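Breakdown of the fold
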Amino acid sequence: MNHSLKHWKEAATLIVAAEQRLCAGSLASRTPQLGKLDTKHLPHSSCFDYNILLLKRSGKSGFMPNAYVFPGGLVDSSDFSSEWLDIFRSFSNTPCLGLRHVKQNAETRPPIFATDRLKLGSPIPGEVAFRICALRETFEESGVLLVVPKTEEKRVLNNKGGMIHHGINDICPEKLKKWRSLVNQSPSNFIRMCRELEVLPNIWALHEWSNWLTPEGRYGGRRFDTAFFICCLKEIPHTLQDQKEIELFQWSTPSEVLQSYEAEEVWIAPPQFYELSRLCRLPLLNDLHKFASERAIEGCEQWMPVITAEDDQHISLLPGDKLYPVNASESSTGHDGGSALHRMVISDLYNIRLQITIPPKYKHLLPVLPLSSKSLL
């Protein structure tokens, strides 16, 4: 853990995409067609062959109460524990415990990944620890445990292209319930669970996706530096809310969530809005997995939205926008010139418009935008 951070606490979140079982002959109706949109601009829900897991935060939560979020949470010191070296000892001779090398230059790598954790006292690289955090938090909050039996270590070692998580673990429900309770009591019990059940957290199925920082002055002043990962599952696993931080869960297509948000039926934060809009580009799970797996080795850009006011709207500026500060830690804005837009225009809690005229970095996806938006599309 990085205790030297002044403004942010480090965290990890996981976008879980799980395949829906389709009836015979139904796949053709889900093949995306550029001209096949619903009443607005999003692909129709029937285009998707997968759902995304969203969890509703408790109304008593001190951070974004009642929001629908991807599973995730704060990193714990146990996620960086040297005990993981024993759990992953079969991978001790492979760089980063078998994770693929990211090509991004160290100078542009987000600090959450670039920080030398050895200098902070941990032999566990950030790329590993934040994946462990995301998997642990997903188990705590939803009961979804994404692990690999130690008997499959050889298959994992031989896999070079990034894994899709196959099948649901065969751990009996009573054991899962027991261990989930223990991990909720103490995150360090996640290590103990993996050792006793002889399983490995499936860090190889998690693909680096993005890195969001909480903007200044939002959500009660609590700020997080959050690594976003994405994972594709071949079927929807058994899911349970924890009745503490999480009130309920739902599996929905990206377009269903965005439509529910616009109808004011659910509330999602701007990062979730942006990422779900990106996922609308890839309605088929195999395409999403292939893209996420291949793109992940490019790295990602750190995004800290900078909020400005304009008339009755808030403008959330993102890196690359013509008004984004040269130094985002300072309040001064950049040069007001050119036509570069990368922003979210927020009229109220349930009204966000994306305006983007620049290409995404690191071979990433542009979000699906309204046809009236200024964009590259």
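Refer to the structure presented above.
Residues numbered from 1 in each chain as written. Predicted model: local features only at pLDDT ≥ 70, side-chain atom pairs only at ≥ 80, totals over all residues. Heavy atoms only, no water.

Looking only at helices and strands, the chain has 9 helices and 14 strands in total. The buried share of the chain, reckoned over its 377 residues, is 54%. Long-range contacts, defined as pairs at least 24 residues apart, comprise 71% of the intrachain contacts of the chain with a sequence gap of at least 6. Only carbon and sulfur atoms are counted for the fraction: they give 51% of the accessible area of the chain, which is about 17300 Å². (Helix = DSSP H or I, 4+ residues; strand = E, 2+ residues; numbered from the N terminus. Buried < 20%, exposed > 50% of the residue type's maximum accessible area, 1.4 Å probe, protein only. Contact = heavy atoms within 4.5 Å. Areas by Shrake-Rupley, 256 points an atom, 1.4 Å probe, with all protein chains shown as cover.)

Moving on, we get to the side chain of R343. In this structure, R343 sits in strand β13 (residues 342–348). At 2.8 Å, the side chain of R343 forms a polar contact with the side chain of D321. Contact partners of R343, with chain neighbours within four places excluded, come to I315, S316, L317, D321, K322, L323, R353, L354 and Q355. (Polar contact = N/O pair within 3.5 Å; in protein donor to acceptor, adjacent residues only side chain to side chain.)

The next subject is the sheet that holds strand β14 (residues 351–356). Sheet architecture is open: 4 strands sit in the order β11-β12-β13-β14, paired in antiparallel fashion. With partners counted over all chains shown, the strands left at the sheet margins are β11 (306–310) and β14, one partner each. Recorded for the sheet is a direction-independent mean angle of 25° between the axes of neighbouring strands. Relative to β13, strand β12 (residues 313–317) is paired through 4 bridges, and the arrangement is antiparallel. (Pairing = 2+ DSSP bridges. Axes fitted to C-alpha atoms, helices over the stretch in contact; angles between N-to-C directions.)

With that settled, consider the packing of helix α7 (residues 254–262) against helix α8 (residues 270–279). Packing of α7 against α8 brings their axes to within 8 Å, and their N-to-C directions diverge by 140°. As judged from the angle between their axes, α7 and α8 are oblique. With respect to the hand of their crossing, α7 and α8 are arranged in left-handed fashion. Between α7 and α8, the contacting residues are P254, V257, L258 and Y261 on the first element and F273, L276, S277 and L279 on the second. Tallied by class, residues from the contact of α7 with α8 come to 7 nonpolar, 1 polar and no charged. (Parallel < 35°, antiparallel > 145°, perpendicular 65-115°, else oblique. Left-handed = near helix turned anticlockwise from the far one by under 90°. Nonpolar A, V, L, I, M, F, W, Y, C, P; charged D, E, K, R; others polar.)

This part takes up the packing of aromatic side chains. Applying the stated criterion across every chain, the model contains 15 aromatic pairs. With a centroid separation of 6.4 Å and an interplanar angle of 90°, the aromatic rings of F70 and F228 are classed as edge-to-face. On the criterion of sequence distance, the pair formed by F70 in the loop between β3 (68–69) and β4 (72–74) and F228 in strand β8 (residues 224–233) is long-range, its members being 158 residues apart. By relative accessible area, which is 2% here, F70 ends up buried. What links up through ring pairs into an aromatic cluster is the set W84, F88, F91, F190 and W204. (Phe/Tyr/Trp six-rings, centres within 6.5 Å; stacked < 30°, edge-to-face > 60°.)

We now examine the nonpolar core. Counting residues in each nonpolar core, the largest one holds 54 residues, and the members touching the most others are L14, W84, F88, I203 and F229. With 8 residues, helix α3 (residues 126–142) is the largest single contributor of residues to this core. The residues contacting W84, other than those within four sequence positions of it, are S78, D79, I124, I132, F190, I191, C194 and P201. Counting 47 residues, the second-largest nonpolar core is a separate cluster that includes I15, Y50, F70 and I268. (Core = buried A, V, L, I, M, F, W, Y, C linked by side-chain atoms within 4.5 Å.)

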